[in-house]
Amino acid sequence: MAMTQLVYYSKNTLDADDRSQLVNLREILEIARRKNGENGVTGYLIFDKAYFLQILEGDKDAVEETYRRIAGDRRHADVTLVEQRPIAQRNFSDWNMGSAMRSVDHEEIYLAHGISGSIDPTKMTGSKILSLATDLRDLEARRNRSAA
Ligand SMILES: Cc1cc2nc3c(=O)[nH]c(=O)nc-3n(C[C@H](O)[C@H](O)[C@H](O)COP(=O)(O)O)c2cc1C
């Protein structure tokens, strides 16, 4: 089975109202986790009010089919592929779709990645997005462990 990892970003076009953003995002994550579970897709979604940055990994056909479906979704726009590469192992094997909405708790991680203001994915490489997502995931995993 040929495994692939794909990184893209897009513009968040959800209603700017905080509450409806949250409702929409919850809906997106719910369906993403269910469908990815069915399709053996894993990954991570980073988002703020302006952008989505997402990593998808798994069987090449499943990832490409998922990406085509996502790219046609009208809840975001200007979906831009940053990188797609073959992988031997997943980076997010335990996550059907991990996610991090930017918050004050994440500022230290963003700063460590040289991001002090708004995130601008148009200036980021695939490996930069991947390492930011990995650090956010590790923070979330540490928190889950200490809450357990
Ligand atoms: C930012 C964003 C990320 C998404 N991530 C996924 C994902 O990881 N997997 C997935 O199946 N759908 C994801 N979706 C939802 C799909 O676009 C689509 O609505 C969903 O897969 C249902 O497709 P269907 O109505 O054709 O069955 C995402 C949507 C958005 C806007």
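The shown structure was predicted, so the numbers you read here are calculated from the model rather than taken from an experiment.

K.L.:
Run through the UniProt feature "domain: BLUF" (unreviewed entry) in the protein chain, naming residues and quoting values.
P.N.:
Following the UniProt record, one finds the feature "domain: BLUF" (unreviewed entry) at residues 3-98. For residues 3-98, the end-to-end C-alpha separation is 19 Å, with 35% helix and 39% strand making up the annotated structure.

K.L.:
Any chance you could break down the site of the ligand for me, citing the residues and the numbers?
P.N.:
The environment of the ligand is formed by 16 residues, the closest being Lys35, Asn36, Gln54, Arg69 and Asp73. Measuring from a nitrogen atom of the ligand, one finds a side-chain N or O atom of Gln54 at 3.1 Å. Arg69 has a polar side-chain atom sitting 2.6 Å from an oxygen atom of the ligand. For the ligand, the accessible surface in isolation is 620 Å², of which the surrounding protein chains cover 81%. Within the residue set of the shell around the ligand, elements represented by two or more residues are α1 (18-39), β3 (51-59) and α2 (60-71). Top contributing element to the shell around the ligand by residue count: α1, with five residues. A breakdown of the residues in the shell around the ligand according to their chemical character gives eight nonpolar, four polar and four charged.

K.L.:
Tell me about the pairing of strand β1 (residues 3-12), residues and numbers included.
P.N.:
Taken across its 10 residues, β1 has nine buried, putting it largely inside the fold. Bridge count for β1 against β3 is nine bridges, and the pairing is antiparallel. Considered in β3, the bridge of Thr4 is made with Gly58.

K.L.:
Would you mind going over the sheet that holds strand β2 (residues 42-47) in detail, with residue names and values included?
P.N.:
Within a sheet, neighbouring strands are paired by backbone hydrogen bonds and run either parallel or antiparallel to one another. The strand order across the open sheet built from five strands is β4-β1-β3-β2-β5, with neighbouring strands paired in mixed fashion. At either end of the open sheet lies a strand with only one pairing partner, and these are β4 (76-86) and β5 (98-101). Sheet twist, expressed as the average angle between the axes of neighbouring strands with direction ignored, equals 10°. Against the sheet, α2 engages β1, β3 and β4, with an angle of about 155° to β3.

K.L.:
Quick one: what's the story with the nonpolar core, residue by residue and with numbers?
P.N.:
Residues Ile46, Leu53, Leu132 and Leu136 are the most contacted members of the largest nonpolar core, which totals 21 residues. At six residues, helix α4 (residues 126-147) tops the list of elements feeding residues into this core. With near-sequence residues (within four places) excluded, Leu132 lies in contact with Ile46, Ile109, Tyr110, His113, Ile115, Ile119 and Met124. The next biggest cluster of nonpolar side chains, apart from the first, holds 17 residues, and it includes Leu25, Ile28, Ala62 and Ile70.

K.L.:
Any details on the packing of aromatic side chains? Residues and values, ideally.
P.N.:
Tallied over the full model, the rule gives five aromatic pairs. Their ring planes at 65° and their centres at 6.3 Å tell us that Tyr44 and Trp95 sit as a pair that is edge-to-face. In this pair, Tyr44 sits in strand β2 while Trp95 sits in the loop between β4 and β5, placing the two residues 51 residues apart along the sequence. When the ring centre of Tyr110 is taken as origin, the NZ or CZ atom of Arg102, which lies over that ring, is 4.0 Å away.

What counts, and at which threshold
Residues numbered from 1 in each chain as written. Predicted model: local features only at pLDDT ≥ 70, side-chain atom pairs only at ≥ 80, totals over all residues. Heavy atoms only, no water. UniProt positions renumbered as here; feature names shortened; annotations may be inferred. Helix = DSSP H or I, 4+ residues; strand = E, 2+ residues; numbered from the N terminus. Near = heavy atom within 4 Å. Polar contact = N/O pair within 3.5 Å; in protein donor to acceptor, adjacent residues only side chain to side chain. Areas by Shrake-Rupley, 256 points an atom, 1.4 Å probe, with all protein chains shown as cover. Nonpolar A, V, L, I, M, F, W, Y, C, P; charged D, E, K, R; others polar. Buried < 20%, exposed > 50% of the residue type's maximum accessible area, 1.4 Å probe, protein only. Pairing = 2+ DSSP bridges. Axes fitted to C-alpha atoms, helices over the stretch in contact; angles between N-to-C directions. Contact = heavy atoms within 4.5 Å. Core = buried A, V, L, I, M, F, W, Y, C linked by side-chain atoms within 4.5 Å. Phe/Tyr/Trp six-rings, centres within 6.5 Å; stacked < 30°, edge-to-face > 60°. Lys NZ or Arg CZ within 6 Å of the ring centre and 35° of its normal.

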